[in-house]
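Structural overview
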Amino acid sequence: MRTRLKDVADKLQLSPGLVSRVLNGRNDVWASEETRARIFAAARELNYQPSTAARALSAGKTNTVSLVYRRLPDLQYRLAYTGLVDVLSEELQNRGYNLVVANFGTEEEVLDHLRATAASRSCEAVIIWGREADTDAQGALLESLGVPFVVKGRHEAEHPGWYQLDYDHEWMMRNALESVVKLGHRRIAYLGFPHDDSFVHALRRGFESSYQEFLGTDPDPRLFVSCEDEVLPNEEAIQRMLDLPERERPTGFVIGAGNYAWQALETCLARRGEYLGFEGAKTAAAGIASYFFSLTFGHALAYQGIEIDMLAKICCPTLLDAILGGSECRHVLRYRPQMTPAISLDLLNQGLQLESKSK
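1. Topic: the sheet that holds strand β4 (residues 149-152)
The strands that make up a sheet are held in pairs by hydrogen bonds between backbone atoms, and each pair lies either parallel or antiparallel. In spatial order, the strands read β2-β1-β3-β4-β5-β11; together these 6 strands make up an open sheet with parallel pairing. The open sheet has two free edges, formed respectively by β2 (98-104) and β11 (332-335), since each of these has just one partner strand. Each strand of the sheet is rotated relative to its neighbour by a mean of 20°, with strand direction disregarded. In this sheet, strand β5 (residues 163-167) lies alongside β4 in parallel orientation, the contact comprising 3 bridges. Paired with V150 across the strands is Y163, a residue of β5.

Have a look at this one:
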């Protein structure tokens, strides 16, 4: 049976409050050196181990950080949040903190939980994660309640004083477009998402502004499309562009969408007997991609594995040190990932090799 503080006090016939204050090193207690020695000796004899939670509450600290987010139905999001929890747990454990995770189905439930968390003072700080449509209200609430927090998202325009992290989407699209331009392409299309999320708008801004910078004109509206993250709508949009007269059809693509856009692009090109590549007259492409991404036939440049766990691993340590330890850092962190050659099954070359061997 675990030894309680009361057991130590009863053995010495002292009050539990006095024993507690001595064992916790409190300065606001009077006790002779002899009494102090007796208390520590009895604690050792009875193998008394103080409760970590009780000690934290006594000191006014919980050594706990809470991750709070609204659940999303997409399986890919759920897998990404698993990686996020792993990264944050490790970072906080290295700093002597525990991570508590709470997720809810509605925004109202998230806000109610944040109010309860602030009222109970059950954690040192909060990490809020999700889409800006949700986290904007969550951050505003925590700010009004005086709770330190870190938020994932693009809030720099309205809330530059918040500790926040996200990818530098504008820079990523500029870098992608520049790589296609350097390969000699001038008619370049953009494939993006149709959603109203901040990162979607940032990706578009990055493409449009850099297009003017590198090519001296605005993008051709016919070569600028936004599709749901499905194969068929992307195929239809790409096919319309490839059916344009030769002098008007795109020879390069910048991808600001998901893996299905890449799949649709390769499918449409394959129907024409073409594939992605870096040399000569081949169609070129560069842009973002998610986990489990690979090309089937050709080669391109991509930001691969740019998931939320990578973002947390790169940016969260600096922000956690700021809100938990008081270190100085910029409030707004924007990560610029490296663009690398995409993984490719290279089935076209593999097929040619097999054909030549069979001959």
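2. A word on unusual backbone geometry
Phi is mostly negative for residues that are not glycine, and the peptide bonds are mostly trans. In this model, N47 sits at a positive phi of 55°, which is unusual for a non-glycine residue. Position of N47 among the secondary structure elements: in the loop between α3 (33-45) and α4 (52-59). Positive phi, normally seen in glycine, also occurs at N63, with a value near 55°. Tracing the backbone through its elements, the reader meets N63 in the loop between α4 and β1 (64-70).

3. Here's the deal with the packing of aromatic side chains
Any pair of aromatic rings gets described here by the distance separating the centres and the angle formed by the planes. As enumerated under the stated definition, the model contains 9 aromatic pairs in all. Aromatic ring contacts, followed pair by pair, group Y190, F207, Y211 and F224 into a single cluster.

4. Concerning the sheet that holds strand β10 (residues 301-303)
Ordered by their spatial adjacency, 6 strands build an open sheet running β7-β6-β8-β9-β10-β12, and the pairing between neighbours is mixed. With partners counted over all chains shown, the strands left at the sheet margins are β7 (224-226) and β12 (340-341), one partner each. Strand direction decides the pairing type here: strand β6 (residues 188-192) and β7, joined by 3 bridges, are parallel. Among the inter-strand pairings, L191 is bridged to a residue of β7, identified as V225. Seen against the sheet, helix α8 (residues 169-182) touches β6, β8 (252-256), β9 (284-288) and β10 and runs at an angle of roughly 170° to β9. In the packing of helix α9 (residues 198-215) onto the sheet, the strands contacted are β6, β7, β8 and β9, and the crossing angle to β6 comes to about 170°.

Conventions used here
- Each chain carries its own residue numbering, running from 1 in the direction its sequence is written.
- Under the rules for a predicted model, residues below a pLDDT of 70 receive no local features and side-chain atom pairs below 80 are neither given nor counted, while totals for whole chains, interfaces and linings still include all residues.
- Only hydrogens and water are set aside; all other atoms, that is, all heavy atoms of the structure, feed into the side-chain values.
- Only when DSSP finds a minimum of two bridges between them are two strands counted as paired.
- Numbering of helices and strands runs from the N terminus, with a helix taken as a DSSP run of H or I at least four residues long and a strand as a DSSP run of E at least two residues long.
- Fitted lines through C-alpha atoms serve as axes, helices being fitted only where they are in contact, and the angles separating the N-to-C directions of these axes extend from 0 to 180 degrees.
- Two rings belonging to Phe, Tyr or Trp (six-membered ring only in the last case) form a pair when the distance between their centres is within 6.5 Å. Interplanar angles under 30 degrees mark stacking, angles over 60 mark edge-to-face geometry, and anything in between is tilted.
- When checking whether two residues touch, look at their non-hydrogen atoms; a contact exists if any pair is within 4.5 Å.

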